[in-house]
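Each chain, written out:
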Amino acid sequence: MSAPVSKIREPLITGHKSYHDITEDLVSPTEKAPPVSWVIGFIISVAVLAFGVFCILWTIWHGIGTWNLNRTIGWGWDITNFVWWIGIGHAGTLISAILLLFRQKWRTGVNRAAEAMTIFAVMCAGLFPLIHMGRLWLAMFIFPYVNTRGPLWPNFNSPLLWDVFAISTYFTVSLLFWYTGLVPDFATVRDRAKGFRKKIYNFLSFGWTGSAKHWQRWEALSLVLAGIATPLVLSVHTIVSFDFATSVIPGWHTTIFPPYFVAGAIFSGFAMVLTLMLITRKLLKLEDYITLEHIESMNKIILVTGTIVGVAYLTELFIAWYSGYVYEQFAFFNRAAGPYWWSYFGMMFCNVISPQFFWVKKWRRNIAFTFFLSIVINIGMWFERFVIIATTLARDYLPSSWSLYSPTWVEIGIFIGTMGLFFTLYLIFSRVAPVVAVAEVKSILKTSGDQYIGANAIHHDHDHGHDHNHDHSYASALAADTPGDGNHGVASSIADTATAVENVVDDLKKIEGIGPKIAELLNNDGIMSFTQLANANVNRLKHILTEAGSRYQMHDPTTWPQQAQLAAEGKWDELNDLQDRLDGGRA
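Residues numbered from 1 in each chain as written. Predicted model: local features only at pLDDT ≥ 70, side-chain atom pairs only at ≥ 80, totals over all residues. Heavy atoms only, no water.

Chemist: Is there a simple way to think about the side chain of Thr 418 in this case?
Modeler: Relative to the helices and strands, Thr 418 is located in helix α15 (residues 409-432). The residues contacting Thr 418, other than those within four sequence positions of it, are Trp 85, Cys 124, Leu 127 and Phe 128. (Helix = DSSP H or I, 4+ residues; strand = E, 2+ residues; numbered from the N terminus. Contact = heavy atoms within 4.5 Å.)

Right under this line is the structure:
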């Protein structure tokens, strides 16, 4: 192996995958016709998106009066949903940038989808300020280009303007990071494609050839973008928190908002990554690439950030009491005992109590429970934004101006429409690009594949032989050490060992040109292991295929014994090189 790996560390790639298996498993979903489940999901997402577009057009036609805002509560579901979507997008940057700099290998299974999720979430978030602007064609006034507008110059003291720069920078860097990782994988899809599809992917891959110079520049660019993106993880939601913290409204004017918002964004972002990845893992059959180790690692981060958010909630309560400032104290009393008490306690349960279940390893590794809790956390983080905005504004200094807020069907429809936009984009992405980063998964195969580490490893240290080869060696050594012919006990043990070796069952699908059906035919004819296939006569293999029917006669087994010999000897690198030169098993 290229680097020492702890023997107790669990593998991140299971199923004894070869490089060819990784390519086949991760690229083939983009080549096949979409399954029925994808079509149903896409139709539902587009229908929901269409309803959201209708609600946006209804708002533009009739005006903001279609929303249930009033003089007291000027911000409602729009800003609540804006902050929620920005938070959802935070995990992608954390996984792609910070975990890359810290060389965390488990990121390779989830980083691609998390980065895509970031881009789609920011697009959903950006809709709300644009709608709230009213006249979209006046968006030009927020950009400080050189002109003679005089007093119409943007107000740089406003955190709302800071939002424009922070979020646009965040979106640009995230898009670059995501696309940079896609380039080698687009080239892989291109090399397998034909016709017009090949031309499209050739354009998307920027002429990638996989040369050493290309890889060197690709890795350098990835590190540079990671360095640029890392401060954005802290800055973007910090600036979003300034929308509230720089005001003088009790409950908002507090210095704990920036770290509290950042922790909450990572918290909700990882929950959404888990929600999406668990669905993707099941539908695309990616259990060998998104393992329980990935899920447990993400649950640990959710536990840590959820605890930080809980400490922030308690700190807010303590500071409100300790300050002696009656208006601040009333703001927090009103959250817990006012008309919106249900949202406050829902927030507390979902964000503070529920993540504590992840202290138990059994729950951290339970897929159904993790999926349920990820949805609970997403609901809780939405409640948090609603509590901060609606409950604070509903009751201010003057009791005569107190009011209540509830969304109209138009506001609800716009929010649901952004969910439709998000899932529509994600479903399209899953059809045009590998959901798991092919190149990055291959880069950790020899240090994190289960054939190299873990309980099922078949390569130990620098020895790349199969376990049954060791059995052969053991039997031979035992026979050599046996004096005379009368030791029937030793002879019996040798015979038992030989029988065990003959009963070894290998995954013959690792041989280029052999699929599940052909592997079953070979097994039925007594060829169960790589060794048996290596010793099989080519004419015998052709006879097996001929007897199976015309659909199997097109297959050429000429190279199968050669491949099987390399597999039996554990020469996986040489086997991969050979398979790269083959076309469906043909030389």
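Still more to cover.
Chemist: So what exactly am I meant to see when it comes to helix α4 (residues 90-101) here?
Modeler: Given 3.6 residues per turn, any residue in an α-helix points the same way as the ones three and four places further on. Taking 1.5 Å per residue, 12 residues should reach 16 Å; α4 reaches 16 Å between its end C-alpha atoms and fits that length. Taken together, the buried positions of α4 are His 90, Ala 91, Gly 92, Thr 93, Leu 94, Ile 95, Ser 96, Ala 97, Ile 98, Leu 99 and Leu 100. Packing partners of the buried residues in α4 comprise α3 (77-88), α5 (111-133), α6 (159-192), α8 (212-245) and α9 (257-283). (Expected span 1.5 Å × (residues − 1). Buried < 20%, exposed > 50% of the residue type's maximum accessible area, 1.4 Å probe, protein only.)

Chemist: Help me understand the nonpolar core in this model?
Modeler: The tendency in soluble globular proteins is for nonpolar side chains to be buried as a group. Judged by nonpolar contacts, the single largest core of 146 residues is most densely connected at Trp 85, Phe 244, Phe 270, Phe 422, Ile 514, Leu 522 and Leu 533. Sort the elements by how many residues they give to this core and α9 lands first, with 15 residues. Counting residues domain by domain, this core receives three or more from each of domain 1 (19-446) and domain 2 (469-581). In this structure, Phe 270 is in contact with Ala 91, Leu 94, Ile 95, Trp 106, Met 298, Ile 301 and Ile 302, ignoring residues within four places of it in sequence. (Core = buried A, V, L, I, M, F, W, Y, C linked by side-chain atoms within 4.5 Å. Domains from an automatic or database assignment.)

Chemist: Just checking my understanding: could you explain the packing of helix α10 (residues 292-323) against helix α14 (residues 367-394) for this structure?
Modeler: Helix-helix packing is described using two parameters, namely the angle between the two axes and the distance between the axes. The contact between α10 and α14 brings their axes to 12 Å, and the two run at 30 degrees. By the angle class used here, α10 and α14 are roughly parallel. Between α10 and α14 lies a crossing whose hand is left-handed. In this structure, α10 contributes Leu 292, Ile 295, Asn 299, Ile 302, Val 309 and Tyr 313 to the contact, and α14 contributes Ile 367, Thr 370, Ile 377 and Glu 384. Among the residues forming the contact of α10 with α14, the class breakdown is seven nonpolar, two polar and one charged. (Axes fitted to C-alpha atoms, helices over the stretch in contact; angles between N-to-C directions. Parallel < 35°, antiparallel > 145°, perpendicular 65-115°, else oblique. Left-handed = near helix turned anticlockwise from the far one by under 90°. Nonpolar A, V, L, I, M, F, W, Y, C, P; charged D, E, K, R; others polar.)

Chemist: Just checking my understanding: could you explain the side chain of Thr 370 for this structure?
Modeler: Its place among the elements puts Thr 370 in helix α14. On the basis of relative accessibility, which here comes to 0%, the residue Thr 370 falls in the buried class. Setting aside anything within four residues of it in sequence, one finds Thr 370 in contact with Leu 274, Leu 278, Ile 295, Asn 299, Phe 358, Trp 363 and Arg 364.

Chemist: So what exactly am I meant to see when it comes to the packing of aromatic side chains here?
Modeler: Here a ring pair, both rings aromatic, is described through the centre-centre distance and the interplanar angle of the planes. On inspection of all chains with the given rule, the structure shows 46 aromatic pairs. Ring centres 6.3 Å apart and planes at 45 degrees place the aromatic pair Trp 321 and Tyr 322 in the tilted group. This pair shows no difference in class: Trp 321 is exposed, exactly as Tyr 322 is. Grouped by ring-pair contacts, the aromatic residues Trp 77, Trp 84, Trp 85, Tyr 340, Trp 342, Trp 382, Phe 383, Phe 386, Phe 415, Phe 422 and Phe 423 constitute a single cluster. (Phe/Tyr/Trp six-rings, centres within 6.5 Å; stacked < 30°, edge-to-face > 60°.)

Chemist: So what exactly am I meant to see when it comes to the packing of α5 against α15 here?
Modeler: It is the contact of α5 with α15, at a shortest axis distance of 10 Å, that shows an interaxial angle of 150 degrees. The pairing of α5 with α15 is recorded here as roughly antiparallel in orientation. Between α5 and α15 the crossing geometry is right-handed. Between α5 and α15, the residues in contact are Arg 112, Ala 113, Ala 116, Met 117, Phe 120, Ala 121, Met 123, Cys 124, Leu 127, Phe 128 and Ile 131 and Ile 414, Phe 415, Thr 418, Leu 421, Phe 422, Leu 425, Tyr 426 and Phe 429, respectively. By residue class, the composition of the contact of α5 with α15 is 17 nonpolar, one polar and one charged.

Such coordinate-based values are descriptive only and should not be taken to indicate function.
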